[in-house]
Amino acid sequence: MQITVLSGGVGGARFVRGLVTSLHQRGEEGADDATDTVTVIGNTGDDITLFGLRVCPDLDSLLYTLGGAVDETQGWGREGDTRLLMEELGALGVQPQWFGLGDKDLGTHVARSLWLAQGATLSQVTDRLARRWGLPEQGVRLLPATDTPIETHVVVPDGDGERAIHFQEWWVRHGASLPALRFTVAGLAQAAPAPGVLEAIRGADVVLLPPSNPVVSIGIILGVPGVRDALRGTRAPVVGVSPLIGGRPVRGHADACLAPLGVEVSAAGVAGLYADLLDGWLVDDADAGATYPSRVAVRSLDLLMRDTEGAARIAGAALDLAAELAGGTR
Ligand SMILES: O=c1nc2n(C[C@H](O)[C@H](O)[C@H](O)CO)c3cc(O)ccc3cc-2c(=O)[nH]1
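Bear in mind the structure is a predicted one, so any value in this text is a computation, not a measurement.

**Q** Summarise the sheet that holds strand β2 (residues 37–42); cite the residues concerned and give the values.
**A** Strands sit in the order β5-β2-β1-β9-β10-β13-β14 across an open sheet of seven strands; the sheet is parallel. Edge positions in the sheet fall to β5 (140–144) and β14 (297–301), since each of these pairs with one other strand and no more. The sheet shows a mean angle of 20 degrees between the axes of neighbouring strands, taken without regard to direction. When strand β10 (residues 238–241) meets strand β13 (residues 280–284), the two strands line up parallel, connected through three bridges. Residue pairing across strands places V239 opposite G280, the latter belonging to β13. The sheet strands contacting helix α2 (residues 57–66) are β1 (2–7), β2 and β5, and the helix crosses β5 at an angle near 165 degrees.

**Q** Lay out the packing of aromatic side chains in plain terms, naming residues and giving numbers.
**A** Using the criterion set out here, one finds seven aromatic pairs in the structure. Seen from their ring centres, W170 and W171 are 6.4 Å apart, and the 50 degrees between their planes marks the pair as tilted. You can call W170 buried: its relative accessible area is 0%. Residue class for W171 comes out partly exposed when judged on its relative accessible area of 22%. When the ring of W170 is compared with that of F183, the centres are 5.6 Å apart and the planes differ by 80 degrees; the resulting orientation is edge-to-face. Of this pair, W170 sits in helix α6 (residues 167–173) while F183 sits in strand β8 (residues 182–186), placing them 13 residues apart in sequence. Its relative accessible area of 17% is what places F183 among the buried residues. Taken together, the ring pairs in this structure connect F167, W170, W171 and F183 into an aromatic cluster. We note R78 situated over the ring of Y64; from NZ or CZ to the ring centre the distance is 5.6 Å. We note R132 situated over the ring of W133; from NZ or CZ to the ring centre the distance is 3.8 Å.

**Q** Account for the pairing of strand β9 (residues 206–209), naming residues and giving values.
**A** With burial as the criterion, each face of β9 is covered, one bearing V206 and L208 and the other bearing V207 and L209. By the bridge criterion, three bridges tie β1 to β9 in an arrangement that is parallel. If you follow V5 over to β9, its bridge partner there is L208. Where β9 and β10 come together, three bridges link them in parallel fashion.

**Q** Please provide a residue-by-residue account of the site of the ligand, values included.
**A** D46, W76, G100, Q168 and V172 are the nearest of the 13 residues found near the ligand. In the environment of the ligand, an oxygen atom lies 2.6 Å from a nitrogen or oxygen atom belonging to the side chain of D46. Isolated, the ligand exposes 530 Å² of accessible area, and the fraction of that covered by the protein chains is 85%. For the ligand, the cavity whose grid points lie within 2 Å of the majority of its atoms is the largest pocket. For the shell around the ligand, the secondary structure elements donating two or more residues are α2 and α6. Sorting elements by how many residues they give to the shell around the ligand places α6 first, with four residues. Here the residues of the shell around the ligand sort into eight nonpolar, two polar and three charged.

Criteria and cut-off values
- Each chain carries its own residue numbering, running from 1 in the direction its sequence is written.
- Per-residue local features are limited, in this predicted model, to residues with pLDDT of at least 70; the limit for side-chain atom pairs, both in listing and counting, is 80 or more; totals at the level of whole chains, interfaces and linings are taken over all residues.
- The side-chain numbers reported here are obtained from all heavy atoms of the structure, hydrogens and water having been left aside.
- At least two bridges found by DSSP between two strands are what make those strands a pair.
- Elements are defined by DSSP. Helices are runs of H or I of four residues or more, strands are runs of E of two residues or more, and each kind is numbered from the N terminus.
- The axes used here are C-alpha line fits, helices contributing only the stretch in contact, and every angle between their N-to-C directions lies in the interval 0 to 180 degrees.
- By definition in these notes, contact holds between two residues if any of their heavy atoms fall within 4.5 Å.
- Each pair of aromatic rings taken from Phe, Tyr and Trp, with Trp reduced to its six-membered ring, is defined by centres within 6.5 Å and is described as stacked if the planes are under 30 degrees apart, edge-to-face if over 60, and tilted in the remaining cases.
- For the exposure calls, accessible area comes from a 1.4 Å probe over protein chains only, and a residue counts as buried if that area is under 20% of its type's maximum, exposed if over 50%, partly exposed in between.
- A positively charged side chain is recorded as over a ring if its NZ (Lys) or CZ (Arg) lies within 6 Å of the ring centre. The angle to the ring normal must also be within 35 degrees.
- Nearness is judged by heavy atoms alone; a residue qualifies as near a molecule or strand once a single heavy atom is within 4 Å of it.
- Under this definition, polar contacts are N or O atom pairs within 3.5 Å; protein pairs additionally need one hydrogen-donor-capable and one acceptor-capable atom, and for neighbouring residues in sequence, both atoms have to be side-chain atoms.
- Using a 1.4 Å probe, accessible areas were evaluated by the Shrake-Rupley method; residue-level cover was limited to the displayed protein chains.
- Of the two site types, the cavity is a set of points on a 1 Å grid over the protein atoms alone where a 1.4 Å probe fits but cannot get out, and the pocket is an open set with protein on both sides within 12 Å along at least five of seven lines, each lined by residues with an atom within 4 Å of a point.
- Grid points define the cavity or pocket, and a molecule sits in it when more than half of its atoms lie within 2 Å of them.
- Throughout this entry, Asp, Glu, Lys and Arg are counted as charged residues, while Ala, Val, Leu, Ile, Met, Phe, Trp, Tyr, Cys and Pro are counted as nonpolar. The remaining residues, Gly among them, count as polar.

Functional significance is not addressed by these values, which are geometric in nature.
In structure tokens:
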């Protein structure tokens with residue numbers, strides 16, 4: 001089975017790890033007899049250049065989580081990392097200090113930046129990093145949504161006017177507390193989908209949308225020219241998992257991202273954002289009673305991903321709903 005996942009950072013990475021576990025469990029139970037491959041299309045709108053280094057937070061959260069090396073408490077960065085380089089940069093007065101880069105994590109950014117400077121594409125760089133973290137052995141292929149550098153900016157009020165700041169400055173430095181007037185994505189209109197992205201959507205048996213941020217993670221991937229049309233046109237069932245439970249994000253600031261779009265902060269509001277491409281939608285039991293787009297098959301369950309087993313249970317439910325939809329028993 002060819003499974004394609006559109007993913008942001010922490011929530012998406014935990015979901016994909018659960019998906020890999022679920023596929024493994026199903027294989028052992030004999031539920032799936034064919035080889036499964038999982039293609040993950042990762043958001044690159046969060047990417048930022050700091051100290052001359054290209055940092056790709058969502059791709060790195062996927063790599064470290066699947067590689068068993070992530071800081072589990074944070075969901076990003078490396079387990080047991082140190083901050084010696086950042087401390088030295090701070091002593092030298094080098095800014096910014098609000099984005100914490102660990103020493104081992106910096107190895108990834110140095111390697112990525114070096115390979116990019118040598119002419120490799122982000123896809124090629126990501127492939128090298130994926131090998132380092134054993135993704136192929138798990139049947140996982142990680143593709144950036146685009147090789148074109150893109151960056152999400154947030155337009156915030158500034159006196160009588162407004163100004164745009166990098167998404168990371170808004171999210172990390174200000175904790176998404178500055179009211180966002182709108183999001184803009186530099187480079188997005190001219191961006192091309194990375195090699196394999198459209199094929200992975202068109203040729204999939206199942207497309208999954210994890211509980212990632214619908215605006216600044218999945219929304220950015222959908223904005224890469226050609227991606228949304230490919231999702232609308234694919235024969236594969238598209239099944240999503242709500243990132244909101246009872247009107248609140250499980251983690252992160254999805255509520256602050258939905259507000260400027262005028263979208264209701266709820267599982268139904270997010271389903272509405274995907275209504276043109278979504279076939280199945282998993283919501284928490286708390287949201288079972290809401291009204292959803294009529295063409296979408298909705299199922300409810302406990303959506304809290306407490307651990308990998310919990311993520312596997314949710315990913316398994318998404319696969320079950322996709323199978324149900326593919327079988328025409330909706
Ligand atoms: O809240 C934070 N998130 C940090 N993140 C997480 C991250 O930038 C955001 O959670 C995502 O971009 C939102 O999806 C990092 C991710 C990396 O890959 C590398 C470094 C950081 C550093 C921070 C940080 O200092 N504070």
